[in-house]
Every structure is written in structure tokens, then in C-alpha cells.
Amino acid sequence: KNRDADVEETADTSAETPTVNTSTDFQRGSVVMFEDDVKAERVGEFPSKWDLLDGAAEVKTIGGVKAIEPTNNAVITPLLKQQGAYLPQEFTLEYDFYYWKSGSQVKGNDGIGLNDLKVRLYTTTNRSDPNTDDGNVSFELVHGVCDTGDHSYYNMGRPTNFNYTFKQGWNHVAFSFNKRALKVYFNGNRVVNLPNVKQPTWFAFQVPFDYHNLTFIRNVVINGESF
């Protein structure tokens with residue numbers, strides 16, 4: 001037999017229904033711009049590597065692991081020496097996000113199973129109104145409305161809903177921006193692929209409601225590319 005014949009024979013015996021795989025082509029940027037695993041922080045204190053633009057935030061432990069809990073309509077952003085337009089033309093943003101299953105019993109939120117967390121990429125250096133919904137937001141990712149499968153994003157104000165069910169517990173989220181092109185990955189699976197997104201200048205996490213003991217993030221990393 002020749003090699004082609006072997007390939008054809010293998011193909012003939014394959015499953016009737018092919019498996020479609022989601023792309024896992026994420027590559028972290030080569031230069032660390034910001035990194036916070038929260039391990040060195042004191043529980044009950046505001047996380048020292050962050051700036052508070054609205055609401056409140058503190059370090060707590062969940063399952064024995066330290067994490068940041070934004071509350072009271074919080075808006076937090078990395079505390080960097082360069083507080084203006086620090087996001088370059090090529091960058092990656094990663095974080096871990098704790099998700100509750102629908103119907104989970106959470107102290108102070110009995111029976112609720114949602115985690116409304118927004119990740120906003122801004123196009124301006126003005127931080128006086130981080131809750132703005134005008135043209136100053138390039139891209140916005142929203143985790144959860146009613147359960148672990150609800151997600152949406154806004155590209156320059158245009159909403160798109162999509163479904164991806166997070167597991168109970170920690171999930172990994174990653175952004176990859178490359179000169180207009182933006183991709184988003186959930187647990188290594190690409191869920192958003194946009195060819196044209198306006199260049200962002202900075203980003204923030206936002207919790208739009210008065211949640212308690214519900215929304216947690218950790219392991220935030222921003223990487224750029226070396227030139």
C-alpha cells in the first residue's frame with residue numbers, strides 16, 4: 001500500500017459525525033506589563049496593585065485561595081506608573097474568574113446564580129466617568145446575566161449575545177489584541193473573533209450591582225510585545 005491509500009482507508013472507518021474543535025491558538029505576549037496573583041495581599045485590605053474608580057473592593061479568600069472581590073458598583077483598574085494610554089497595539093490580558101452555578105446558595109444572595117462582571121476596554125484617557133456608555137468604550141465583555149452560560153459583548157456599542165457554560169469554580173479568560181483584531185478565549189477556547197476593534201487605551205473591571213461574596217477575580221496579567 002502507498003501512504004495515500006492508508007489515509008483513505010482510515011478516513012473510511014472514521015465516525016459518521018465529525019468532531020468540530022474550537023480554536024485554541026492563544027499566545028501570551030512576550031513582555032509582562034502588569035501581574036497580580038494577590039498572594040502577597042492581606043485579607044480584608046484593598047488590593048495594593050489596583051486603583052479604585054468607583055465602589056469598593058477588597059481581598060478575600062474563597063476555597064482557601066486569595067482573590068479580589070469588587071463590590072458596591074465597583075470599577076477597578078491596574079495601578080500603573082503610566083496611568084494614561086498604556087495598552088499598546090499588541091497586547092494580551094488574562095484573568096481567572098470564579099463562577100457559581102445557577103441556584104447556588106451564597107451568603108447574602110440566597111439562590112442567586114449570577115456573576116455580572118464587565119471587562120471594559122476604553123478608548124480615552126479620561127477616567128472621570130468610568131461608567132460611561134458613550135463612544136469611549138471600544139469593547140466590553142459581560143459575564144453572566146442569569147446563569148453560567150450567559151455572556152455578551154459590545155463592539156463600539158453593538159451588542160452580541162453568545163452561550164458558553166463556565167464550570168463551577170475558577171475559569172480562565174484571555175484577550176488577545178493585535179492591531180484592530182481582537183480575540184477572546186474561555187478556558188482556552190476561542191469564543192470571540194473580531195477583525196476590526198478600535199484601539200483601546202486602558203481597561204477596567206466593573207461590577208454593575210451591589211453584590212457581596214459573589215464576584216471574585218485573580219491572576220490578572222497584561223503582556224505586550226517586544227519590538
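Residues numbered from 1 in each chain as written. Predicted model: local features only at pLDDT ≥ 70, side-chain atom pairs only at ≥ 80, totals over all residues. Heavy atoms only, no water.

## Considerations on the overall build of the protein
Per the secondary structure count, the protein includes one helix and 13 strands. Going from the N terminus to the C terminus, the protein shows its helices and strands as α-β-β-β-β-β-β-β-β-β-β-β-β-β. The buried share of the protein, reckoned over its 227 residues, is 46%. Relative to all contacts within the protein whose residues are 6 or more apart in sequence, the contacts with residues 24 or more apart total 64%. For the protein, the accessible area works out to roughly 11,700 Å², and carbon and sulfur atoms hold 46% of it. (Helix = DSSP H or I, 4+ residues; strand = E, 2+ residues; numbered from the N terminus. Buried < 20%, exposed > 50% of the residue type's maximum accessible area, 1.4 Å probe, protein only. Contact = heavy atoms within 4.5 Å. Areas by Shrake-Rupley, 256 points an atom, 1.4 Å probe, with all protein chains shown as cover.)

## Here's the deal with the nonpolar core
With 44 residues, the main nonpolar core has Tyr-95, Phe-139, Leu-141, Phe-175, Phe-203 and Phe-205 as its most contacted residues. At five residues, the largest contribution of residues to this core is made by strand β4 (residues 90-99). If you look at the next biggest cluster of nonpolar residues, it comprises seven residues, including Ile-62, Tyr-98, Trp-100 and Trp-170. (Core = buried A, V, L, I, M, F, W, Y, C linked by side-chain atoms within 4.5 Å.)

## Examining the pattern of salt bridges
Scanning the model with the defined rule gives six salt bridges in all. Between Lys-183 and Asp-25 there is a salt bridge whose closest N-O contact spans 3.1 Å. In this pair, Lys-183 is assigned in strand β10 (residues 181-186) and Asp-25 in the loop between α1 (3-12) and β1 (31-36), connecting sequence segments 158 residues apart. Glu-94 is the partner of Arg-28 in a salt bridge, and the nearest nitrogen-oxygen pair spans 2.6 Å. Taken together, the positions of Arg-28 in the loop between α1 and β1 and Glu-94 in strand β4 put the pair 66 residues apart, joining distant regions of the chain. (Salt bridge = Lys/Arg side-chain N within 4 Å of Asp/Glu carboxyl O.)

## Some remarks on unusual backbone geometry
With a phi angle near 55°, Asn-72 is a residue other than glycine that sits in the positive phi range. By secondary structure assignment, the location of Asn-72 is in strand β3 (residues 65-78). Judged by relative accessible area, which is 30%, Asn-72 ranks as partly exposed. Even without being glycine, Lys-179 reaches a positive phi, approximately 50°. Among the structural elements, Lys-179 can be located in the loop between β9 (169-178) and β10.

## Focus on the pairing of strand β5 (residues 117-122)
Counting buried residues in β5 gives six out of six residues, a clear majority hidden from the surface. Neither face of β5 is open: one carries Leu-117, Val-119 and Leu-121, the other Lys-118, Arg-120 and Tyr-122, and all of them are buried.

## Looking at the environment of Asn-126
Topologically, Asn-126 is positioned in the loop between β5 and β6 (137-143). For the pair Asn-126 and Ala-85, spaced 41 residues apart in sequence, the C-alpha separation works out to 9.7 Å.

## Notes on the pairing of β10
One ladder, built from six bridges, connects β9 with β10; its direction is antiparallel. Considered in β10, the bridge of Phe-175 is made with Val-184. The loop that links β9 with its antiparallel partner β10 comprises two residues; one of these, Lys-179, has a positive phi angle of about 50°. The pairing of β10 with strand β11 (residues 189-194) spans five bridges and is antiparallel. Bridge pairing in β11 places Tyr-185 opposite Arg-190. Following β10, the chain reverses through two residues before pairing antiparallel with β11; Asn-187 in that reversal takes a positive phi of roughly 50°. (Pairing = 2+ DSSP bridges.)

Without other data, these values stay purely geometric and don't point to any function.
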